[in-house]
Amino acid sequence: DSGVTQTPKHLITATGQRVTLRCSPRSGDLSVYWYQQSLDQGLQFLIQYYNGEERAKGNILERFSAQQFPDLHSELNLSSLELGDSALYFCASSVASAGGTYEQYFGPGTRLTVT
Amino acid sequence: ILNVEQSPQSLHVQEGDSTNFTCSFPSSNFYALHWYRWETAKSPEALFVMTLNGDEKKKGRISATLNTKEGYSYLYIKGSQPEDSATYLCALVSYNTDKLIFGTGTRLQVFP
């Protein structure tokens, strides 16, 4: 158990809908990262927050947005969902803003299925 | 686009065999390299974070080496056990960014 929690575990929704994925980092970790893993693709970095501020952005679609709240939990909002958004979404946390030299702790993931 | 290559894509070994696999990256973009172990139906688990040329890390039967000048890292598993079966991911962090760029992994299967 990494100490990172994600809810829900599974989500099935229809195209065009909007969903929110939730992540609580390990106690003491200030950075939260979001990753997407689609079929036949590796882990793709989406976005990072550090202590409530956006720190780095990856290949995140404009239909997706995220935020980190004062209690450090983070939410990833996916809107106007398309079939291709079906994927496993991981959240990870680390202690510092410079994620490069600190290991990241991954949550169990949310499996999103868009039908 | 920063490219992280891992080879082989998959590997099947017998229990007791030692094995190794490679992570290659553009050396000019290097800042840090991470290795993660990802078991089926679980989440990636950090093994090592490496930053220095010539760095060598060890955790039990698993060790890793790093050559930043030539742009590669090796992960070694000594005396593989069935519980070592997993996908091993490496990820590069380049200068001026905190993003981890993951390779597609090496899938290891250890047969008893």
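Scroll up a little and you will see the structure.
Please read these numbers as outputs of a predicted model, since none were measured by experiment.

### Regarding the interface of chain A and chain B
Step number 1: The interface is formed by 24 residues belonging to chain A together with 18 residues belonging to chain B.
Step number 2: A buried area of about 1,500 Å², summed over both sides, lies between chain A and chain B, and 64% of it is on carbon and sulfur atoms.
Step number 3: On the chain A side of the contact with chain B, A:L43, A:G100 and A:F106 bury the most area, a combined 33% of that side's loss.
Step number 4: At the boundary of chain A with chain B, the tally comes to zero salt bridges.
Step number 5: Those elements giving two or more residues to the side of chain A that touches chain B turn out to be β4 (31-37), β5 (44-50), β6 (53-57) and β9 (87-94) of chain A.
Step number 6: Along the lines of polarity and charge, the residues of the side of chain A that touches chain B split into eleven nonpolar, ten polar and three charged.

### Focus: the pattern of salt bridges
Step number 1: Tallying each qualifying case throughout the model produces six salt bridges over all chains.
Step number 2: Between A:D29 and A:R26 there is a salt bridge, with its nearest N and O atoms 2.9 Å apart.
Step number 3: Residue A:D29 is classed as buried on the basis of its relative accessible area of 2%.
Step number 4: For A:R26, a relative accessible area of 24% puts it in the partly exposed group.
Step number 5: The residue B:D84 makes a salt bridge to B:R61 at a minimum N-O spacing of 2.8 Å. Remark: B:R61 occurs in the loop between β6 (56-59) and β7 (62-67) and B:D84 occurs in the loop between β8 (72-77) and β9 (86-93); sequence separation between them is 23 residues.
Step number 6: With relative accessibility at 33%, the residue B:R61 sits in the partly exposed group.
Step number 7: Look at the salt bridges and you will find they share partners, linking A:R63, A:E82 and A:D85 into a network.

What counts, and where the lines are drawn
Residues numbered from 1 in each chain as written. Chains lettered and ligands numbered in written order. Predicted model: local features only at pLDDT ≥ 70, side-chain atom pairs only at ≥ 80, totals over all residues. Heavy atoms only, no water. Contact = heavy atoms within 4.5 Å. Buried area = accessible area lost by both parts, 1.4 Å probe. Salt bridge = Lys/Arg side-chain N within 4 Å of Asp/Glu carboxyl O. Helix = DSSP H or I, 4+ residues; strand = E, 2+ residues; numbered from the N terminus. Nonpolar A, V, L, I, M, F, W, Y, C, P; charged D, E, K, R; others polar. Buried < 20%, exposed > 50% of the residue type's maximum accessible area, 1.4 Å probe, protein only.

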